[in-house]
Amino acid sequence: MIKTLRKIFLTLALAFTVSMSFSQGVVKGVVIDANSGEKLIGATVVIENTTVGVSTGVDGTFSLKVPTEKATLLVSFMGYIDQKIDVAVPQNGEKDLGNIALQTSSIGIDEVYVTTSFVRDRTTPVAVSTISPQVITEKLGNQEFPEILKSTPSIYATKSGGGFGDARVYVRGFDSDNVGVLINGIPVNGMENGKVYWSNWAGLSDVTESQQVQRGLGASKLALSSVGGTINIVTKSTDAQQGGAVYTGIGNDGYRKQTFTVSTGLLKNGWAVTLSGGHTYGDGYIQSTNFDGYSYFVNISKQINDKHRIVFNAFGAPQWHNQRSNQHTIQEFRDNINEAKWNSDFGYRNGERYNIGYAYNYYHKPQVSLNHYWKIDDKSLLSTQVYASIATGGGRRIYGSNSSWLSLQYPSGEPYATSALTPEGYFDFDWVVSQNAAATSGSTCIVANAVNDHQWYGMLSTYTTEVSDFKITAGFDGRYYSGVHAYKIDDLLGGEYYLDNKNINRSSSTPLHVGDYVNYNYRGQVLWLGLYGQAEYIKDEYSGFLSLAAASNNYRRVDFFQYTSGNQKSSWYKFLPWNVKGGFNYKIDETNNVFINGGYIKKAPIFANAFLNNTNEFNDDVKYETIATAEVGYGYVTNIVNIKLNVFRTYWLDKGLVKSLNGQTANILGINALHQGVEFEGLYKPTNKLSIKAMASVGDYRWTDDVHFTLYNEDQSVVGTYNAYIADVHVGNSAQVTAALNCDYEVLPKLKVGFDFNWYSKNYAYFDPTARTKIEDKVDAWMMPDYYLLNANFNYKFKIGNLTATIYGNVMNLLDTEYIADATDGSDHDEYTSYVFYGFGRTWSTGLRINF
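Note that residues are indexed from 1 along each chain, following the sequence as it is written. In keeping with the model being predicted, local features are shown solely for residues with a pLDDT of at least 70 and side-chain atom pairs are shown and tallied solely at 80 or more, while totals for entire chains, interfaces and linings include all residues. To get the side-chain values, take all heavy atoms of the structure and skip hydrogens and water.

Caption draft 1: Local environment of the environment of N813. Helix numbering and strand numbering both begin at the N terminus, where a helix is a DSSP run of H or I of at least 4 residues and a strand a DSSP run of E of at least 2. Mapped onto the elements, N813 comes out in the loop between β49 (803-812) and β50 (820-824). Along the chain, N813 and N791 lie 22 residues apart, while their C-alpha atoms are 5.2 Å from each other. Those residues in contact with N813 that lie beyond four places of it in its chain are L789, L790, N791, Y819, F840, G841 and R842. One polar contact links the side chain of N813 to the main-chain amide nitrogen of T817, over a distance of 2.8 Å. We call two residues in contact when some of their heavy atoms are within 4.5 Å. In the analysis that follows, any N or O atom pair within 3.5 Å is treated as a polar contact, provided that within protein one partner can donate a hydrogen and the other can accept it, and provided that, for residues neighboring in sequence, both atoms belong to side chains.

Structure representation (structure tokens):
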């Protein structure tokens, strides 16, 4: 026994002595983007064929001990091509590799970043947060795409009613009408009202290369109404290397998802092709919100020569989903057996669930673009995109003289009639079918689809060059849009026909059937011709920009129901929106920087305000909206800490309001708001295995003035008056104070876990400020209770033969917190009379991705 122990001791001592004879060396370096020079945080540097490695710090640096004099390092980062580096380090010595420049794995993505106004941190003087593809892959799970932004300062994102793709996102208290959304540099806000419907882009998360939120003015050069900020999304380009991936995942309430990607890589003849597709479906967390969606992505590129490259890009996401549109009081939810999951917006037909109006949506909005990149010389680039989007779809509506049979009152959510309800309180479509079948004058309650098809064509051309220390950008933004707005009969609900008197070109006694138009049928047409230019100065510690954009925004309305043939088109009416903005950044040293920016926006009225009472009659006195904004910021960065702090102040003046006063139109000015706040964002990376992020934003968003308006006729006689009592009343529908703490830790080699904590406060219920017409209305809307959420995620990387695989897992609302995410203010501005949507309880998803 003693001899055995002696042998073991001698063996260990010998091993220790041998290991000491091979002293370790140290390798240092900085991992950067090969084209932009941006330092890459979290890139991995490992000794090949081992688990020995580190990840880069906040400033892109790393320091790795190598156990031998010679070693091969493998440097990798998601979205970039792996790089191998042979190093020889003297015993007990040190070797500095300097900058290690990684090439992006997507062909031509750098030109896309240049032309889409992606900004570089600590250089461009705007408040910016970038969501990497790694974060999207690891943390999104089965959440809605905008929810990945919720740990960003001054952003409030919820699932709204809980239907697939029905999420909403507010930036600095502004909704999508006042937040610019770009996909590959192409604006996707609605041409008539500025809104963004995320269900139209349901497959976007599967093909996103990177996502950046530029709060405030942002860096986009287009004439956008980016009052709250700009959400800039860049999709994948063609992969530089041959390969692909497959993914399959499951989740709560029957959630299923399958995707694939294949790529040829860059072929010798200069061609490259990447294809992706996906299918997502499930029952939905909320009662009767089942869904079914597909997505596809095609990218074909051709490197013609060193100066010219063309890229064809197409993606879309056809889907249908049931929805929940009506809110209820807290007590009504508590009294219902389904509690927070309760959906009052459906009934039964032939024993199957069938959702009512405003509770079913179907849409397909493909976007196709052809891009030409011309590298004129080493300093100049001309990028030209022509694109098209031909969308089809709409939402279910209940229509007819007895539509109240299948409708709920707003905002109470109470049924109009109880005769069409089942004993359990759900809508009885079979009863309605029997009533229509027995009627002698056709159906009196039918299902129609509110059709919102559109054709959208555009061209973006951007020229960029360098002159001395200045980067000059100029371009053209042209768009033509024609949107269909109509009711089309989808189901007569048991009757033989339907009679409608809304079309003056058709007899009211004409029997109408499935596919015929009823109620209204018009086109909203928009022609946009914009020019933009920017001068940017970047040298050493100083950088700044000055940008100017202007457009000719033209509206025309075509009505097929209210006007006879030959008289159905209005004239074109022109508006001239414009904006000017600028900023300056000063790098005090390698650690500290400060910036300031400001701007002024003149925003054209929305389409609906330009025409009176849903007719072709133009509103001659319709007003522009005005926005003035400014902010200052500070940044601090070391190899383990990155801190951003900024203060903003935005004035929104003359929010568009068109009212009818005693039969005459009034364009009312003076509805003004002030949005101001402080934002903090920090990253702490004390070791290569641990990353801690934190953010906090404290906002104060208020309506600033009471409105007192008197309308006079030509004789200066009073026609009518209007008052809005809103001075110092807080803006609703967005949490004004938010905070987040995110922690990611590699507990074992290849196994990483993460926790995300979010907290929301000072969240006032939605209300219409223009409806506060009595002095007693001059109070804040109900302030919803503060709430917090804790999410958890993990991912584990492993090998299946020669293939790399990763398993992902996400649990949202880990503690199953009950909270109210959305509310509409009630008559008494309290929790008893206000109408709410509860947020989701605990949900989960898991999936396996295999790369080949």
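Read on, since the account is not over.
Caption draft 2: Representation of the sheet that holds strand β23 (residues 346-349) within the structure. For two strands to be treated as a pair, DSSP must find no fewer than two bridges joining them. Pairing within the open sheet is mixed, and its 3 strands lie in the order β24-β23-β28. Two strands bound the open sheet, and with one partner strand each, they are β24 (352-355) and β28 (427-428). In the sheet, β23 pairs with β24 via 4 bridges, with the strands oriented antiparallel. In the strand pairing of β24, F346 is matched with N355. Only C-alpha atoms enter the line fits that serve as axes; for helices the fit covers just the stretch in contact. Angles between N-to-C directions range over 0 to 180 degrees. Packing against the sheet, helix α5 (residues 429-438) makes contact with β23, β24 and β28, and its axis sits at approximately 60° to β23.

Caption draft 3: Main features of the packing of aromatic side chains. Note on aromatic contacts: the rings of Phe and Tyr and the six-membered ring of Trp form a pair at centre separations within 6.5 Å, being stacked when their planes are under 30 degrees apart, edge-to-face when over 60 apart, and tilted otherwise. The tally for this structure, following the rule as stated, stands at 38 aromatic pairs. Ring geometry for Y348 versus Y426: centroids 5.9 Å apart, planes at 75°, classification edge-to-face. Within this pair, whereas Y348 is found in strand β23, its partner Y426 is found in the loop between β27 (380-399) and β28, the two being separated by 78 residues in sequence. The cut-offs for exposure are 20% and 50% of the maximum accessible area for each residue type, with area from a 1.4 Å probe on protein chains only; residues under the lower value are buried, those over the upper are exposed, and the others partly exposed. Look at Y348 and you get partly exposed, because its relative accessible area is 27%. Y426 sits in the buried class, given a relative accessible area of 13%. Aromatic pair F757 and Y788: ring centres 5.7 Å apart, planes at 25°, arrangement stacked. Of the two residues, F757 sits in strand β46 (residues 751-764) while Y788 sits in strand β48 (residues 787-800), which places them 31 residues apart along the sequence. Looking at F757, the relative accessible area reads 31%, which means it is partly exposed.

Caption draft 4: Highlighting unusual backbone geometry. Of note in this structure, R172 is not a glycine but carries a positive phi near 55°. Positionally, R172 belongs in the loop between β11 (168-171) and β12 (179-183). Here the phi dihedral of N519 falls at roughly 70°; this positive angle occurs in a residue that is not glycine. Within the secondary structure layout, N519 lies in strand β32 (residues 517-539). The buried category is assigned to N519, whose relative accessible area is 18%.

Caption draft 5: Region of interest: the environment of I47. Examined against the element boundaries, I47 turns out to sit in strand β2 (residues 44-47). On a C-alpha basis, the gap between I47 and H454 in space is 54 Å, while along the polypeptide they are 407 residues apart.

Caption draft 6: How the structure looks around the environment of N646. Assignment of secondary structure puts N646 in strand β38 (residues 641-653). Judged by its relative accessible area of 3%, N646 is buried. Along the backbone, N646 and T591 are 55 residues apart, and their C-alpha atoms lie at a distance of 16 Å. Not counting residues within four places of it along the chain, the set of residues in contact with N646 comprises A127, R172, R215, F595, E631, V632, G633, G677, V678 and E679. Within the structure, the side chain of N646 is placed 3.2 Å from the side chain of E631, a separation counted as a polar contact.

Worth remembering: the numbers are spatial, not functional.
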